[in-house]
Amino acid sequence: MASGGSLRDVLYRDTGSKYAERPTKVTVVGVGAVGTACAYSIMQQDIVSEIAMVDVMADKLAGEVLDMQHGIPFTNNVKIHGSSDYQCTAGSNLCIITAGARQQEGESRLSLVQRNVNIFKHIVPDLVKYSPNTLLLVVSNPVDVLTYVAWKLSGLPRHRVMGSGTNLDTSRFKYLLSERLNVSPRSVHAWILGEHGDTSVAQWSGVTVGGVALKQIKPDFGTDQDAEDFKAIHQQVIDGAMDVIKRKGYTNWAIGLSVAALTRCIFRDQRDVVAMSTPVKGLHGIEVDAYLSLPVVLGRDGISEAIMQPLDDEERMKLQKSAETINSVQQSIKF
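Below is a summary of the structure that appears in this document. Keep in mind that what you see is a predicted model, and the values were worked out from it rather than measured.

## Thoughts on the packing of aromatic side chains
Stage number 1. Going through the model one piece at a time under the given rule, you end up with five aromatic pairs.
Stage number 2. When the centroid spacing of 6.3 Å and the interplanar angle of 70° are considered together, the rings of Y40 and W253 count as edge-to-face. Placement of Y40 in helix α2 (residues 33–44) and of W253 in helix α10 (residues 253–267) is noted, with a sequence separation of 213 residues between them.
Stage number 3. For Y40, a relative accessible area of 37% gives the class partly exposed.
Stage number 4. Ring geometry for Y148 and W151: centres 6.0 Å apart, planes at 50°, overall tilted. Taken together, the positions of Y148 and W151, both in helix α6 (residues 143–154) and three residues apart, correspond to about one turn of that helix.
Stage number 5. The exposure class of Y148 is buried, given its relative accessible area of 10%.
Stage number 6. A cation sits over an aromatic face here: R158 above W151, 3.7 Å from the ring centre.
Stage number 7. In this structure, R180 is placed above the aromatic ring of F230, and the distance from its NZ or CZ to the ring centre is 4.2 Å.

## A few points about unusual backbone geometry
Stage number 1. For the bond running from N141 to P142, omega is -5°, close enough to zero to count as cis.
Stage number 2. When you line up the elements, P142 lands in the loop between β5 (135–138) and α6.
Stage number 3. For D269, which is not glycine, the phi dihedral falls at a positive 50°.
Stage number 4. Within the secondary structure, D269 sits in the loop between α10 and β12 (272–279).
Stage number 5. Looking at D269, the relative accessible area reads 26%, which means it is partly exposed.
Stage number 6. Unusually for a residue other than glycine, H284 sits at a positive phi of about 50°.
Stage number 7. Examined against the element boundaries, H284 turns out to sit in the loop between β12 and β13 (291–299).

Cut-offs used in this document
- Residues numbered from 1 in each chain as written.
- Predicted model: local features only at pLDDT ≥ 70, side-chain atom pairs only at ≥ 80, totals over all residues.
- Heavy atoms only, no water.
- Phe/Tyr/Trp six-rings, centres within 6.5 Å; stacked < 30°, edge-to-face > 60°.
- Helix = DSSP H or I, 4+ residues; strand = E, 2+ residues; numbered from the N terminus.
- Buried < 20%, exposed > 50% of the residue type's maximum accessible area, 1.4 Å probe, protein only.
- Lys NZ or Arg CZ within 6 Å of the ring centre and 35° of its normal.

And the structure:
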């Protein structure tokens, strides 16, 4: 065996094929509990070839990157790296923003607004500078307002800026309904619309199991008159994050899995219908400019269509109120 040259020169023989990287790259901004859960979930599911992580806390960032790099042999060969310099994000197909001030126990998502707006001013322009063709997925709270902020700061078309919105709320809704009905959550079709927060709307008129609309066979389903009190499930959904925060200080695993599922949908161009925060002006009688969650079609180019569900009068009114609440917060933002 030849002994000269580098180890690679000795180990390999050129076959004539020229290896060219064709990266599928995602950037995760923020290595707190949510950001690391998102990156870890994406890493585990063989969705992309490269994950870039960014945070101002250099030591924490380096530790999280190293920890995940050491686990790569147990998963798929994904390249993971991190830096406090946004240049490392160059060429990203998708940038996921999880950075921001953490929600404290008892604090509403909307009270976080201006603090996180100021943080976004230092994030969004640099992401777009290095990845002008990227999609932006906002996870930081209050997610609906901050998705609007990210759109304003980015200069990108609206369909390329989206928020995780009620994707996780919808998952909680399906899970809690499935527990009451004793079926798999995958067999429950249900939606939480509007704000990811206190004014969210449970679309009881659209809940189906096996193609059966539950409100058709039980007209009081989800109302105050329902003896089985299914309506209480919506409040459990609203309180879900705070229930977790009270017990462990933060939420991370469920939102990490939610974001990974959205990322997979984008990179594989699945065109799944998912609940996400999207522009809603002109839809369902909404007259104000706001991002809110509706069922949308998601693929490699972002959000291509919003599904126009047949809402009943109460659901439509609540959705319009949710839009007005979000818009009123936006009016107070200082860019």
